[in-house]
Structure formats: structure tokens, C-alpha cells
Amino acid sequence: MNSFRSQAKRLREQMAEDPHRPHYHFLPPSNWMNDPNGVIEWNGQYHLFYQHNPNHPFWDNMHWGHAVSDDLVHWVDLPIALTPSTSGADEAGCWSGCTVNNNGVPTILYTGVKGDFRLPHNQRICIATSTNDLVLWEKYTGNPVISHPPDGLNVTGFRDPYVWQEGQVWYMAIGSGIQDIGGAVLLYRSKDLYGWEYMHPLCVGDKHETSTLWTGSVWEVPQFFRLGDKYVLIVTVWDNDQTLYSAYFTGSYRDHHFIPEAVHKLDFGNQHFCAPHTMIDSQGLPIMWGWIGESRSNEAQQAAGWAGVMSLPRALSLRADGKLGVCPVQAVETLRGEHQRLTNINLTSTSSDFSIDMQGKTFEIVADIDPAKALYCGIKVRCSPNSEEETYIFYDAVRKRLGVDRRQSTILQDGEKSHDVHEGEFEVSPGETLCLRVFIDCSVIEVYANNSACITSRVYPSRSDSTRVGVFAQGQAR
Ligand code: DQQ
């Protein structure tokens, strides 16, 4: 353990010079990370596992990385929990899954991949257990515990087990899709976690349906739980070889079928908040993490030696309007240091820009904005003194959209992939205030608005003095 710790520390020190590397978001010591996996509270500590390629800063040969925390915000690296076996059910990768407490035995259920990973029949469900405080994991010799998708179903994916208990029975939701129909979650049950019986689809989407949020051909990493008087199904929408965005359905659960009533995006940042994983805390409330992907070129990622960041832990709730409420868990406030408070900044049509006397690359902004007659207003971050580089976090009152405009975030051509706008439907009613919490952590931006919308994004300004903050407002309603 000591040699592991000193190596992780050395790697982190090597990476620390990188101006785009976040300081208070979790990421591995080096190389690649994607999905959060199997977060669990165990003996008063939180264990976070994650999809990890420990050898390169790109997706390949998935392992389960591992870190532990006392408070959900400060993490300590632990040795890799799962490594693909040299020959066996998971020789091509240990993909996503969950962790449960099986009568005191910490148990991981994960996706073992063997052979060509694109084929659903090569994705299987495997088990590993730990007897040693979740540090060392032993794979079950009888793996896989589910060796192939249900007979007679033409599936487009078969991965990412999510397991829960109802009475004495375990249930498992598997991310899947049905050819020519749409994404699907398949439901299994078991008495002991080792022998599984297929029941039926928990829910099936329709990839031809476009009047609501389009949900693609495969649903990855399902998460399913009760919240208030509703049930929530979270999925990551996959189509045409790409992970696109995460979505959630609210609905009811009857006779082991989930009946969706509404579907929404979880985060307007699309690929910047994917494969969310939830942990139900000791109060019975869900806490969610997501994978914040990169948007600079593969060459830049290779040169940096790392890629992929974990979002802040987000507390979920059910709002009166039936949508999910999302805000950072309270423990995030312990990261706060010195603060500055500004009040009554009034912008008019002749003074539509205001530069705040505050600079930095790692901070939180809490802003109450009254859009009043403004048609377009918000906060600018990571601005250079000459405005050559700047990123707009905006509310567009005409189109009723909240967004992050990255078209001017960097003058580097390498940032091309990130020269766009993320936005989604959002309305501030007359008399209402837009309450923003904005987290800047070098290249990471997380925006939370009115406890109801989130935008996660990445920016890679080229100038070291792109650290300024401003507020802006444009236009005036007639
Ligand atoms: N990532 C994992 C899969 C999952 C996907 C592989 C979602 O198990 O479906 O790294 O990002």
C-alpha cells in the first residue's frame, strides 16, 4: 500500500503543472477515466470506483480504479480494484457496474467483456467480493453469473448491472436496447446474487419517437430508485457508436414494470455529463456523480497524460413540478475559502458589461440575477484582459434557454471541438430570480440553476491571464 500511495502521489505531482487539470474535482493520478462505478458507503467512508485505463490517457482495457473519502469531497487513492484477467470472462475489460452489501460482504457486480466488445453477446455479468475493507477484490470463479442476453431478444447492448433489494429478493437492471425498437433496461431477479432469472424488460424506449427527448438505440448504465412518490430511471443515451447524453424518466413502478410519464435531459452539457451513477445515502436520498469528458483533441489529451474528470457529487430531489431537483451536496461548501461579496450591480442598456474585481481559475460563484428587462444576461468567466478569450454563462429570455457559450473560450485551434454552445430549455418567470451556482475548476465548468437545471462543460483557454470574471446584460424588452 505504501509504494502504491507514493507512486500515486508522484504521478499527481507530475500532472499538477498542467493549467487545465482540475484541483477540487476528483480524477485519477494519471491516464484515462470515464464512468463512476459502484459508489458505496461502507463503515462510515465513501468508496468511489471508476472506469480507468491506468496505462494510457485514452479509453481501452478498462479497469476499476478506486478512491475513498470521509466527506464526499476529499478523496484518497486506493489500489486498482478490478483488472481484466489474462484469460477469462473479463479478459477484454471490466466495464461498469455497481457495489452492494450482501449480508456484510461487499460485492461488485460488473460487466465482463470477452472478445469483440461491440458484440452484446460478449458483454456478461460478473461478480467480485472483498473481505478486506474493499481494498482487495476476488473475482468469483464461476464468472460470468449471466453469460448471455435473454434468448429470443435481439439486443443491441447488454451491460452495466444496477442491483437493488426488495425484501429478500435481489433485482438487477441491465442496460440494453432492442434492435429496430430502441433503448431498453432488462430486469432479472435472484435470491443470492449468483443465480439469476430473466423476468422481462423493466422499460423499453422508442427510437422513432421524436416528440419528446429522443432516447437512441441503447440505454447504458441504468439507475433505478424511488424518490418521493415517483420512481426515477436514469439512462445514458447511446447511438451510432457514441455516448450522447444522460436522461431521466420519472414514472411509476407496478408489477416490476416501470411506466414512464416524462423524460428530460439530466444535464445540458451532453457528453460532459455521462454515465451518471447514484448512491442512496443513509437518509435514503440519491447522490449522483457523472463522468465529465474532455473536449480537446486526442493529441492534446495524449500530451497531457490524463483525460476525464468526475463531477461534484449532486444531491437529487423531486420538485413540485415533477422534475428532478439537482444541487451539489452540502459538503461541497467545505471547500470554500476566502470570499468576496458584491451587491446591487445594475446593468443598463448603456452599461451592459461589468468586470468584477476578482480573478482565478478555481472558485465558486453564487449569483442572484434579476433579468428584469434584459433579453440576454449572465456571467462571463475565464476572460482575458482584452476579451480575446471568454466563456459566457447565459440566460436568453427570448428563447427561454440557459447555456454555456464556448465559441470564444480559447483562441487555440486545438480547442475546435469545444467551440460551441450547450444550452437547454429554461425559464425565469417574471419576478423570479435566476440563482446560479457556478463552479470553475481550471478546464471544468459546472453550472447549477434554480435547483432545476445543470450544465457541465469544459474550456481550455490558451492565455494564462484568462482568469477574469464579469457580468453582462443585453437588450431591453419593449
Ligand atoms: N462505459 C463503460 C460501459 C458503459 C459505458 C465502458 C458508458 O460499461 O456502457 O467503459 O460510458
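Refer to the structure above for everything that follows.
The numbers attached to residues start from 1 for each chain and follow its sequence in the written order. It should be noted that, the model being predicted, local features are given only for residues of pLDDT at least 70 and side-chain atom pairs only at 80 or more, the latter also being counted only at that level, while totals for whole chains, interfaces and linings use all residues. By convention in this description, side-chain values take in all heavy atoms of the structure and omit both hydrogens and water.

The helix and strand tally for the protein chain stands at two helices and 32 strands. Here the C-alpha atoms of the protein chain give a radius of gyration of 22 Å, agreeing with the 23 Å that 2.2 N^0.38 yields for 478 residues. With respect to the principal axes defined by its C-alpha atoms, the protein chain has extents near 70 × 50 × 40 Å. Partly exposed residues are those whose accessible area sits between 20% and 50% of the maximum for their type, while under 20% is buried and over 50% is exposed, using a 1.4 Å probe and protein chains only. Here the protein chain, with 478 residues, has 56% of them falling under the buried criterion. By definition, residues are in contact when any of their heavy atoms lie within 4.5 Å. Contacts spanning at least 24 positions in sequence make up 54% of the contacts within the protein chain whose residues lie at least 6 apart. Of the accessible surface of the protein chain, which amounts to about 20600 Å², a share of 47% is contributed by carbon and sulfur atoms. For helices the rule is a DSSP run of H or I covering at least 4 residues; for strands it is a run of E covering at least 2, with both sets numbered from the N terminus onward. The globule rule used here is 2.2 Å times the number of residues to the 0.38 power, and the radius of gyration it is set against is calculated over C-alpha atoms. Per-residue accessibility takes into account occlusion by the displayed protein chains alone, with areas from the Shrake-Rupley method and a 1.4 Å probe.

A large share of strand β22 (residues 324-328) lies buried, amounting to four of its five residues. Here strand β21 (residues 314-318) pairs with β22 via five bridges, running antiparallel. Paired with serine 317 across the bridge in β22 is glycine 325. Counted along the chain from β21 to the antiparallel partner β22, the turn is five residues long, and its residue glycine 322 has a positive phi close to 85 degrees. Strand pairing follows a simple DSSP-based rule, namely that at least 2 bridges must link the two strands.

Moving on to the site of the ligand. The nearness test applies per residue and asks whether one of its heavy atoms lies within 4 Å of the molecule or strand. Around the ligand there are 13 residues in total, and Asp35, Gln51, Trp59, Arg159 and Asp160 lie nearest to it. Any pair of N or O atoms that falls within 3.5 Å is considered a polar contact. Within protein, one atom must be able to donate a hydrogen and the other to accept it, and sequence-neighbouring residues count only if both atoms are side-chain atoms. Within the side chain of arginine 159, a nitrogen or oxygen atom sits 2.8 Å from an oxygen atom of the ligand. Look at the ligand: alone it shows 310 Å² of surface, and the protein chains cover 95% of it. Elements with a minimum of two residues in the shell around the ligand: β1 (31-42), β5 (93-102), β9 (155-166) and β13 (218-227). Residues were grouped as follows: Ala, Val, Leu, Ile, Met, Phe, Trp, Tyr, Cys and Pro as nonpolar; Asp, Glu, Lys and Arg as charged; and all remaining residues, including Gly, as polar. Partitioned by chemical class, the residues of the shell around the ligand number six nonpolar, three polar and four charged.

Taken together, four strands build an open sheet; the order of strands is β9-β10-β11-β12 and the sheet is antiparallel. Looking at the sheet topology across the chains shown, the edges are occupied by β9 and β12 (197-204). For this sheet, the mean inter-axis angle between neighbouring strands, taken without regard to orientation, is 25 degrees. Orientation is described by axes fitted as lines to C-alpha atoms, over the contacting stretch for helices, and by angles from 0 to 180 degrees between their N-to-C directions.

In this fold, arginine 437 is placed in strand β29 (residues 434-441). Among the polar contacts made by the side chain of arginine 437, one reaches the side chain of glutamate 364 at a distance of 2.8 Å. Look past the residues within four positions of arginine 437 in its chain and what remains in contact with it is Pro328, Glu333, Arg336, Glu364, Ile365, Val366, Glu446, Val447 and Tyr448.

This brings us to the nonpolar core. The criterion is simple. A nonpolar core is a set of buried Ala, Val, Leu, Ile, Met, Phe, Trp, Tyr and Cys residues joined through side-chain atoms within 4.5 Å. Of all hydrophobic cores here, the largest spans 61 residues; its most connected members are Phe224 and Leu233. Beyond its immediate sequence surroundings of up to four residues, phenylalanine 224 is in contact with Tyr162, Trp164, Leu202, Tyr231, Val232, Leu233, Tyr253 and Phe258. Membership of the second largest hydrophobic core comes to 29 residues, among which are Phe363, Ile369, Val381 and Leu436.

Turning to unusual backbone geometry, a few remarks are in order. Between asparagine 143 and proline 144 the backbone carries a cis peptide bond, its omega angle lying at 0 degrees. The residue proline 144 is located in the loop between β8 (136-139) and β9 in this model. Despite not being glycine, asparagine 31 shows a phi value in the positive range, around 65 degrees. Mapped onto the elements, asparagine 31 comes out in strand β1.

Turning our attention to the packing of aromatic side chains. Stacked, tilted and edge-to-face are the three classes assigned to paired rings of Phe, Tyr and Trp, where Trp is represented by its six-membered ring and a pair needs centres within 6.5 Å; plane angles under 30 degrees give stacked, over 60 edge-to-face, the rest tilted. Applying the stated criterion across every chain, the model contains 25 aromatic pairs. When the centroid spacing of 6.4 Å and the interplanar angle of 70 degrees are considered together, the rings of tryptophan 64 and tyrosine 110 count as edge-to-face. Here tyrosine 110 lies in strand β6 (residues 105-113) and tryptophan 64 lies in strand β3 (residues 63-69), a separation of 46 residues in the sequence. A single burial state applies to tryptophan 64 and to tyrosine 110, both of which are buried. Positioned over the ring face of tryptophan 238 is arginine 159, at 5.8 Å from the centre of the ring. For the cation-ring pair, lysine 265 lies above tyrosine 245, with the distance from its terminal atom to the ring centre recorded as 4.5 Å. Two conditions define a charge sitting above a ring: the NZ of Lys or the CZ of Arg must be within 6 Å of the ring centre, and it must be within 35 degrees of the ring normal.

This brings us to the environment of serine 96. By the secondary structure assignment, serine 96 is in strand β5. Between the C-alpha atoms of serine 96 and asparagine 34, which are 62 residues apart in sequence, the distance is 9.6 Å. Setting aside chain neighbours within four positions, we find serine 96 in contact with Asp35, Asn37, Gln51, Trp64, Tyr110, Thr111, Asp160 and Pro161. A distance of 2.9 Å separates polar atoms of two side chains, one belonging to serine 96 and the other to asparagine 37.

Turning our attention to the pairing of strand β7 (residues 123-132). Remark: a regular strand shows side chains that alternate across the two faces of the sheet. For β7, a buried count of seven out of ten residues is recorded, marking the element as mostly surrounded by other parts of the structure. As judged from the seven bridges shared by β6 and β7, these two strands associate in the antiparallel manner. From the neighbouring strand, tyrosine 110 faces β7, where its bridge partner is cysteine 126. As paired strands, β7 and β8 are joined by three bridges and run antiparallel to one another. Within the sheet, the bridge partner assigned to alanine 128 lies in β8 and is lysine 139. The loop that links β7 with its antiparallel partner β8 comprises three residues; one of these, aspartate 133, has a positive phi angle of about 50 degrees.

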